[in-house]
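Commentary on secondary and tertiary structure
Next come the chains, spelled out residue by residue.
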Amino acid sequence: MRGLTGKVAIVTGAAGGIGAATARRLAEEGARVVAVDLDEERLRKVAESLPTEGHWVRADVSDENDVAAYVGAAVERFGRVDLHHLNAGIPGSFATLPALTVAEFDKVMAVNVRGVFLGVRAAFRQYEAQGSPGNIVLTGSIGSLRGSADLLAYQTSKHAVLGILKGAAMYGGPLGVRVNAVAPGIVPTDLFAATPDVAGGKDDMSRRASSTPLRRAGTGDDVAGVVAFLLSDDAAYMTGEVVSVDGGASIVSTVRPSGGAGAWDFAAYDESLYGRPTV
């Protein structure tokens, strides 16, 4: 892809899943990558496996000082930063709406919203300091575009990411800074590793993904390719866009036979969610 060779990229949430796949893809395209995550051991392995010069920084993306530190480390190592993939996120609690605690809600918002805000702000500050623009990609979700009865905090946070996207794209446009987002669908990663037995968690991802037009779950590489494109000069006239990478899930009409109408046992689901039949 045009315009990635020699660039310096920061990827947050890079210890696994979509972040690790993006770090690898950008390195394969010739970029130098600074990988950021809290999982120090896995992060180091990712950085050391890259085909170009890589660096890693352990950081909490929700902490203002840590965000400044990871950008500072990138500048100290490579002299500048050109690209940001602000990908770090957590799923939060599967608790029902009445049972969701303020602490659980705030934890998700801190990582998924404040972490993105801090990363975007740091990117703009660095671009101004070095006197040259760059490009930013945020990781949204199909949850940014649709609703469900579970993962309320996660869903709320991913809607908020699109608010940051649009404001940042408007601010950045005249400065030559492009800001776009990807909205992955079902991509089995360690994000949901701790929820093997929860409906809508890790173990039934492949079954749920079989209802998409492509009839399969996505991979980190599927998303990483789109992120690399959006960061590249091949996407030079795109900003403020949300690109769905979901196997077509977001286009499905669930009330038509081709969209699975009548194929799901909602009576059983409703009873498990609400503790009683709803109709």
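Just above sits the structure.
No experiment lies behind these values; they were computed from the predicted model shown.

Next up on the list: the pairing of strand β2 (residues 32-37). In terms of burial, β2 is a largely internal element, five of the six residues being buried. Running through helix α1 (residues 17-28), the crossover from strand β1 (residues 8-12) to the neighbouring parallel element β2 is right-handed. Across five bridges, β2 lies against strand β3 (residues 54-58) in parallel orientation. Along β3, the bridge assignment pairs Ala35 with Trp56. For the segment spanning β2, helix α2 (residues 40-49) and β3, crossover handedness is right-handed.

What follows concerns a nonpolar patch on the surface. Among the surface-exposed residues, Trp264, Phe266 and Tyr269 lie close enough to one another that they form a single nonpolar patch of about 310 Å² accessible area. By secondary structure assignment, the location of Phe266 is in helix α8 (residues 266-274).

Below, the discussion takes up unusual backbone geometry. Notably, Leu151 is not glycine yet its phi reads approximately 50°, a positive angle. Among the secondary structure elements, Leu151 is positioned in the loop between β5 (135-139) and α5 (152-172). With relative accessibility at 10%, the residue Leu151 sits in the buried group. Unusually for a residue other than glycine, Arg215 sits at a positive phi of about 60°.

Residues Ile10, Tyr70, Val120, Ile136, Leu138 and Val179 are the most contacted members of the largest nonpolar core, which totals 36 residues. Looking at this core, the elements with two or more residues in it are β1, β2, α3 (64-78), α4 (102-130), β5, α5 and β6 (178-184). If one sorts the elements of this core by residue count, α4 sits on top with nine residues. Among all residues touching Ile136, those that are not within four sequence positions of it are His84, Leu86, Ala123, Phe124, Tyr127, Val177, Arg178, Val179, Asn180 and Leu231. In terms of nonpolar packing, the next biggest core, distinct from the first, is built from 27 residues, Ala31, Leu83, Val187 and Leu231 among them.

Procedures and definitions
Residues numbered from 1 in each chain as written. Predicted model: local features only at pLDDT ≥ 70, side-chain atom pairs only at ≥ 80, totals over all residues. Heavy atoms only, no water. Buried < 20%, exposed > 50% of the residue type's maximum accessible area, 1.4 Å probe, protein only. Helix = DSSP H or I, 4+ residues; strand = E, 2+ residues; numbered from the N terminus. Right-handed = clockwise from strand over helix to strand, strands pointing away. Pairing = 2+ DSSP bridges. Patch = residues over 30% accessible without salt bridge, like charges linked within 9 Å, V, L, I, M, F, W, Y side chains within 5 Å. Areas by Shrake-Rupley, 256 points an atom, 1.4 Å probe, with all protein chains shown as cover. Salt bridge = Lys/Arg side-chain N within 4 Å of Asp/Glu carboxyl O. Core = buried A, V, L, I, M, F, W, Y, C linked by side-chain atoms within 4.5 Å. Contact = heavy atoms within 4.5 Å.

That is the geometry; function is a separate question.
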